[in-house]
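Residue-level structural notes
Here are the chains, one letter per residue:
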Amino acid sequence: MFVPDSFKTTIANYFYDKTIYILTDTSITDSEGDVTRTISSSSSSFSGNVNFRNLQAIQEEMGISEKVDIYITTSLNTTINNNDFISYNNVKYKVTSVVPYDSHLGIVGTKWH
């Protein structure tokens, strides 16, 4: 189904009202070969709709076997990848799935400790 850009813009203006930060993921290997991974400071951000309810239904619909802690819908123009780290309300999440739909992008994440 064709979804006009004007409709996508209208949806974005009303529903993508939360700011999600994409975090920097840095790995440093010391002289003994130990790897230290640091997830910190945002490199960029995007607006989206954040959902914490009905996650089991989303998990089943998307065919995801791992736990889902957050589901975000956002514009198809958003640049985000599996294994990226994001932050919403000062909680860090690892992106486990990014699925494009007709009018939006669906992003699934799990809490990062």
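Provided above is the structure to which this section pertains.
Below is a short write-up of the structure.

Procedures and definitions
- Residues numbered from 1 in each chain as written.
- Predicted model: local features only at pLDDT ≥ 70, side-chain atom pairs only at ≥ 80, totals over all residues.
- Heavy atoms only, no water.
- Core = buried A, V, L, I, M, F, W, Y, C linked by side-chain atoms within 4.5 Å.
- Buried < 20%, exposed > 50% of the residue type's maximum accessible area, 1.4 Å probe, protein only.
- Helix = DSSP H or I, 4+ residues; strand = E, 2+ residues; numbered from the N terminus.
- Contact = heavy atoms within 4.5 Å.
- Phe/Tyr/Trp six-rings, centres within 6.5 Å; stacked < 30°, edge-to-face > 60°.
- Polar contact = N/O pair within 3.5 Å; in protein donor to acceptor, adjacent residues only side chain to side chain.

Quick look at the nonpolar core now. Judged by nonpolar contacts, the single largest core of 13 residues is most densely connected at Ile20, Phe46, Ile72, Ile80 and Ile86. Only strand S1 (18-29), strand S2 (35-51), strand S3 (70-74), strand S4 (85-88), strand S5 (91-100) and strand S6 (105-111) provide two or more residues apiece to this core. Filtering out sequence-adjacent residues up to four positions away, Ile80 remains in contact with Ile22, Phe46, Ile86, Val95, Val98, Leu105 and Ile107. If you look at the next biggest cluster of nonpolar residues, it comprises seven residues, including Ile64, Val68, Tyr71 and Val108.

Within this structure, the stated rule accounts for two aromatic pairs. Ring centres 6.2 Å apart and planes at 35° place the aromatic pair Phe52 and Tyr88 in the tilted group. With Phe52 in the loop between S2 and helix H2 (55-62) and Tyr88 in strand S4, the pair connects residues that are 36 residues apart, well separated along the chain. Taking relative accessible area as the criterion, Tyr88 reaches 10% and is therefore assigned buried. Ring geometry for Phe85 against Trp112: centres 4.7 Å apart, planes inclined by 75°, an arrangement best described as edge-to-face. Taken together, the residues span a long stretch of sequence, with Phe85 in strand S4 and Trp112 in the segment after S6 at a distance of 27 residues. Of the residues examined, Phe85 reaches a relative accessible area of 1% and is grouped as buried. Given the relative accessible area of 32%, Trp112 is considered partly exposed.

Next up on the list: the side chain of Asp69. Note that Asp69 resides in the loop between H2 and S3. Within the structure, Asp69 has its side chain in polar contact with the backbone nitrogen of Lys111 (distance 2.7 Å). Sequence-distant contacts of Asp69, that is, excluding residues within four places in its chain, are made with Phe52, Leu55, Tyr93, Gly109, Thr110 and Lys111.

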